[in-house]
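Chain and residue survey
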Amino acid sequence: MTMLKIEKLTEGTITVLRLVGRISTQHLDEMRKLIADAEPNVKLDLSEVTLVDVDVIRFLGNQERRGVQLGNCSRYVREWIQREQTTNSTPREGDGVDEE
């Protein structure tokens with residue numbers, strides 16, 4: 001089982017979701033809900049993220065394109081997001097927050 005801890009903090013008008021541990025595909029639905037609840041000013045603090053998979057990278061890239069800030073993003077994760085965006089220029093189904 002993959003362990004992820006999500007801490008919700010406030011920095012002025014910005015809601016910060018501090019992610020700690022390993023993020024996998026199974027966490028994306030929960031993250032979508034938390035981001036939707038915190039919009040419009042959301043920042044994901046990735047300083048304590050230890051492991052991600054390709055679906056998470058695509059999710060993070062899509063969230064950033066939607067206006068979510070990625071804070072303390074490691075160089076490795078940043079470069080992987082950029083590679084995925086270059087390789088896959090069209091968003092994949094399920095990468096964003098569903099509009100109701």
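My aim in this report is to walk through the structure given alongside it, one point at a time. Model, not experiment: these values are computed from the prediction.

When we look at burial in helix α1 (residues 28–38), the residues that qualify are Leu28, Met31, Arg32, Ile35 and Ala38. Projection of α1 onto a plane perpendicular to its axis shows the buried side chains occupying an angular sector of 140°, all on one side. For α1, exposure combined with an orientation more than 90 degrees from the buried face picks out Asp29, Lys33 and Asp37. If you follow the buried residues of α1, they end up packed against β1 (4–11), β2 (14–22), β3 (42–51) and α2 (54–65).

Before going further, it helps to examine the packing of α1 against α2. One can describe the packing of α1 onto α2 by two numbers: an axis separation of 11 Å at closest approach and a directional angle of 15°. Between α1 and α2, the crossing angle belongs to the class labelled roughly parallel. With respect to the hand of their crossing, α1 and α2 are arranged in right-handed fashion. Contacts from Leu28, Met31, Arg32 and Ile35 in α1 reach Asp55, Val56, Phe59 and Gln63 in α2.

Inspection of the entire model under this criterion finds 1 aromatic pair. Ring centres of tyrosine 76 and tryptophan 80 lie 5.8 Å apart, and the angle between their planes is 50°; on these two criteria the pair is classed as tilted. Here tyrosine 76 and its partner tryptophan 80 are both found in helix α3 (residues 75–87), 4 residues apart, which amounts to about one turn of the helix. Take tyrosine 76: its relative accessible area is 54%, and that puts it in the exposed class. Taking relative accessible area as the criterion, tryptophan 80 reaches 15% and is therefore assigned buried.

On to the pairing of β2. Across 8 bridges, the pairing between β1 and β2 is antiparallel. Of the residues in β2, the one forming a bridge with lysine 8 is leucine 17. Counting the residues that bridge the hairpin from β1 to β2 gives 2 residues, and of these glycine 12 lies at a positive phi of roughly 65°. With 7 bridges connecting them, β2 and β3 associate as parallel partners.

Thresholds, definitions, all that
Residues numbered from 1 in each chain as written. Predicted model: local features only at pLDDT ≥ 70, side-chain atom pairs only at ≥ 80, totals over all residues. Heavy atoms only, no water. Buried < 20%, exposed > 50% of the residue type's maximum accessible area, 1.4 Å probe, protein only. Helix = DSSP H or I, 4+ residues; strand = E, 2+ residues; numbered from the N terminus. Arc of directions from axis to C-beta. Contact = heavy atoms within 4.5 Å. Axes fitted to C-alpha atoms, helices over the stretch in contact; angles between N-to-C directions. Parallel < 35°, antiparallel > 145°, perpendicular 65-115°, else oblique. Left-handed = near helix turned anticlockwise from the far one by under 90°. Phe/Tyr/Trp six-rings, centres within 6.5 Å; stacked < 30°, edge-to-face > 60°. Pairing = 2+ DSSP bridges.

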